[in-house]
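# Architecture and fold: a report
Here is what each chain is made of, one letter per residue.
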Amino acid sequence: MPTFPPVDEQLAYIRKGAAEIIREADLRAKLEKSLASGKPLRVKLGMDPTAPDLHLGHTVVLRKLKHFQDLGHTVVFLIGDFTGMIGDPTGRSVTRPPLSPEQIAQNAETYKAQVFKILDPEKTVIDFNRRWFSKFTADDFIRLAAKYTVSQMLEREDFHKRFLEEKPIAVHELLYPLAQGYDSVALEADVELGGTDQKFNLLVGRELQRAYGQDAQIVLTTPILEGLDGVQKMSKSLGNAVGIHEPPLEMYGKIMSISDEMMWRYYELLTDVQIPEIEKMKREAHPMQAKKELARRIVADFHSAEAAAKAGEDWAKQFQKDEVPQDVEMVDILPEARGGLGMQDTSDFAENSFPIRLDKLVRHVGLAASNTEAATKIKSGAVSVDAQPVQAVTVNIPLDQYVTLRVGRRMKRVRVMSDDGRWM
């Protein structure tokens, strides 16, 4: 029979990083019953496989699921291969295009691999909601739809707003909260987790469980994580995200770029460090050391302890000791590419070196998305060549020698090849 920590200890761990628990008194009662019977709670987190790659913002709720797993409870990671074909209308002002079965199957496989970077694969139940919805008949859907009213659905903020603005609401979108809610019935969930934007759907699950004669699940929501800018939610489209598959040094450097204030929020939402320890660090630790420890923990979670240690060493070389990491990317510019960088034949310039348009060089090696962005970075003083800041339009680059081109926190070793040097 499994053993569980005392209820107060469990609650303290569960509260960490939680936005809302509905209702905490009921959760305490379930935990007390679990402790007395030795039967673990069944804790559910559902995700539709709508994107192939996850970022740290997605892992906030995954980590909360891990906390229940740490406490000895049964966690179910539910992949919405059926609901993904409907399309979650949460936060949408227009109907979300449904995914194809092929897209869903492909994304589902990547999800399984990614969630096991946080969850223990030996203790995690992976399920798919097509397992029960594939058996649903038209009669079953009619009976399910009868459990909820249109007026209840229109209480949902995004539906209500679209209704007032006379924007279309497709009937299949109204089915989405019912389908997600029925997942809790099918799994007989004791607790369901989700972001704060999922609160309506999670509450539908409580209502449907009651309608089907089950005890209502506890709803626990987690906050939406702010991105590296500390303002907007983390999103790849906003350019403020940290992908969990990013290289260790890039991940480490991005974490080091956040503000000291945001660092403590990341500690709370992205690590297993307990609140008393976080409060102690706030009082006693130097912010730089605390941030390095945060970056180390996060990189270790998604790569390894060894990769995290090396990323820390490379970051220190790159940004504190002004050294070049050993594994920095090397880029060779061949003679036929020189014309696109604003250069002429090398015979027109001093022997073994010649001018090059710096903005075009920065874009060409991938340190800026466009010449305009590169020019802005040059003007702001963010660009250096061999540790020397450069704000000139043209820079003299030696032929057949590597120079260190740095833009902000990113760098590459660049070599411009002469006509003879390409054969060296």
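Residues numbered from 1 in each chain as written. Predicted model: local features only at pLDDT ≥ 70, side-chain atom pairs only at ≥ 80, totals over all residues. Heavy atoms only, no water.

What follows covers the sheet that holds strand β10 (residues 388-389). Across the sheet, which stays open at both edges, the five strands sit in the order β7-β13-β12-β9-β10 with mixed pairing between neighbours. At either end of the open sheet lies a strand with only one pairing partner, and these are β7 (330-333) and β10. In terms of strand pairing, strand β12 (residues 402-407) meets strand β13 (residues 410-416) through six bridges, oriented antiparallel. Pairing of Val403 across the sheet is with Val414, part of β13. (Pairing = 2+ DSSP bridges. Helix = DSSP H or I, 4+ residues; strand = E, 2+ residues; numbered from the N terminus.)

With the rule as written, the count across this model stands at 27 salt bridges. Residues Asp127 and Arg131 are paired through a salt bridge, measuring 2.8 Å at the closest nitrogen-oxygen approach. Residue Asp127 is classed as buried on the basis of its relative accessible area, which comes to 9%. Overall, Arg131 belongs to the partly exposed group, its relative accessible area being 46%. Taking the shortest distance from any N to any O, the salt bridge between Asp332 and Arg415 comes out at 3.0 Å. Of this pair, Asp332 sits in strand β7 while Arg415 sits in strand β13, and the two are 83 residues apart along the sequence. Judged by its relative accessible area of 22%, Arg415 is partly exposed. (Salt bridge = Lys/Arg side-chain N within 4 Å of Asp/Glu carboxyl O. Buried < 20%, exposed > 50% of the residue type's maximum accessible area, 1.4 Å probe, protein only.)

Time to look at the sheet that holds strand β3 (residues 74-79). Reading across the sheet, the six strands line up as β1-β6-β5-β2-β3-β4 and stay open at both edges, with mixed pairing between neighbours. Two strands lie at the open edges of the sheet, namely β1 (20-22) and β4 (124-128), each paired on one side alone. Going from strand to strand, the sheet's axes swing by 25° on average, the running direction of each strand aside. Where strand β2 (residues 42-47) meets β3, six bridges bridge the pair, whose relative direction is parallel. (Axes fitted to C-alpha atoms, helices over the stretch in contact; angles between N-to-C directions.)

Detail in the predicted coordinates should be disregarded across regions flagged by low pLDDT. The pLDDT averaged across the chain works out to 85; a share of 90% of its residues lies at or above 70. The low-confidence segment residues 345-349, where pLDDT is below 50, has seven contacts with residues more than four positions distant or belonging to other chains. (pLDDT = per-residue confidence, 0-100. Contact = heavy atoms within 4.5 Å.)

A word on the packing of aromatic side chains. In the structure shown here, the tally under the stated rule is ten aromatic pairs. Aromatic pair Phe133 and Phe141: ring centres 6.1 Å apart, planes at 10°, arrangement stacked. On the accessibility criterion, Phe141 (24% relative accessible area) is partly exposed. Both rings, one in Trp264 and one in Tyr267, keep their centres 5.6 Å apart while their planes meet at 25°; by these two values the pair is stacked. Here Trp264 and its partner Tyr267 are both found in helix α13 (residues 260-270), three residues apart, which amounts to about one turn of the helix. Neither residue differs from the other here; Trp264 and Tyr267 are each classed as buried. Taken together, the ring pairs connect Phe82, Phe133, Phe136, Phe141, Tyr182 and Tyr212 into an aromatic cluster. Its end group placed over the ring of Tyr212, Lys147 keeps NZ or CZ at 4.8 Å from the ring centre. (Phe/Tyr/Trp six-rings, centres within 6.5 Å; stacked < 30°, edge-to-face > 60°. Lys NZ or Arg CZ within 6 Å of the ring centre and 35° of its normal.)

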